[in-house]
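Descriptive structure summary
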Amino acid sequence: LTHKASGREILVMNTHFDHQSELAREQSAKLIVQKIEQVNPQKLPVILMGDFNATPETLPISIIKNKMHDALEISQTPHYGPLGTFNSFDPNKVIDGRIDYVFLKGFEVKSIVHIDDRRNDNYFVSDHLPVLVELNF
């Protein structure tokens, strides 16, 4: 993508890792890191986001964090919203299972929010909370 105000280019990628196989998630993490290096020889700033179906302590997330920053960990302001992002469509669930991320290279993170907006009946519009980041580069 090209930032209109500055004309600078950035690489943005979105993914959705397998929800059943740990091995598939590990291989997906290795492949996407390799693919980013392959399609980005000019070392543009990179955003990688999506549903990784993996919690922060797992190998797939470690593989990605070896090459990129987790926006939640480098935010200049404290994270806002539930720590987790997966709600199972259960309005009574404590949302602590984090499986959705924004990983970055070449950006500063001003803020990150896990948006916990709900319908009037307290139910969710999705089984995942949106992740919103405000960035500088």
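Attention here is on the structure that accompanies the text.

Rules and cut-offs
- Residues numbered from 1 in each chain as written.
- Predicted model: local features only at pLDDT ≥ 70, side-chain atom pairs only at ≥ 80, totals over all residues.
- Heavy atoms only, no water.
- Core = buried A, V, L, I, M, F, W, Y, C linked by side-chain atoms within 4.5 Å.
- Buried < 20%, exposed > 50% of the residue type's maximum accessible area, 1.4 Å probe, protein only.
- Helix = DSSP H or I, 4+ residues; strand = E, 2+ residues; numbered from the N terminus.
- Contact = heavy atoms within 4.5 Å.
- Phe/Tyr/Trp six-rings, centres within 6.5 Å; stacked < 30°, edge-to-face > 60°.
- Expected span 1.5 Å × (residues − 1).
- Arc of directions from axis to C-beta.
- Polar contact = N/O pair within 3.5 Å; in protein donor to acceptor, adjacent residues only side chain to side chain.

By size, the foremost hydrophobic cluster in this structure holds 17 residues, and its most contacted members are Ile36, Leu48, Phe52, Ile64, Met68 and Phe103. Counting only elements with at least two residues in this core, the list comes to strand 1 (11-16), helix 1 (22-39), strand 2 (46-51), helix 2 (59-65) and strand 4 (100-105). With four residues, helix 1 is the single largest residue contributor to this core. Ignoring sequence-local partners within four residues, the contact set of Phe103 consists of Val46, Ile47, Leu48, Phe52, Ile61, Ile64, Lys65, Met68, His69 and Asp70.

What the rule picks out here adds up to five aromatic pairs. Measuring from ring centre to ring centre gives 4.9 Å for Phe17 and Phe52, while their planes differ by 70 degrees; the resulting arrangement is edge-to-face. A residue pair is termed long-range when its members are at least 10 positions apart, and Phe17 in the loop between strand 1 and helix 1 and Phe52 in the loop between strand 2 and helix 2 qualify at 35 residues. Of the two residues, Phe17 and Phe52, both sit in the buried class. Here the aromatic rings of Phe52 and Tyr101 are separated by 5.7 Å at their centres, their planes lie at 80 degrees, and the arrangement is edge-to-face. Linking Phe52 in the loop between strand 2 and helix 2 with Tyr101 in strand 4, this pair joins segments that are 49 residues apart in sequence. For the pair Phe52 and Tyr101, one class covers both residues: buried. An aromatic cluster of at least three residues, connected via ring pairs, comprises Phe17, Phe52, Tyr101 and Phe103.

Between its terminal C-alpha atoms helix 1 stretches 26 Å, which fits the 26 Å expected from 18 residues at 1.5 Å a residue. Where helix 1 is concerned, the buried positions are Arg25, Glu26, Ala29, Ile32, Val33 and Ile36. Taken down its axis, helix 1 places every buried residue within 130 degrees of arc, on the same side. Seen from the open side of helix 1, the exposed residues pointing more than 90 degrees away from its buried face are Leu23, Leu31, Gln34 and Gln38. As for helix 1, its buried residues are in contact with strand 1, strand 2 and helix 2. Measuring from the side-chain oxygen of the N-cap residue of helix 1 to the backbone nitrogen of Leu23 gives 3.4 Å; that N-cap residue is Ser21.

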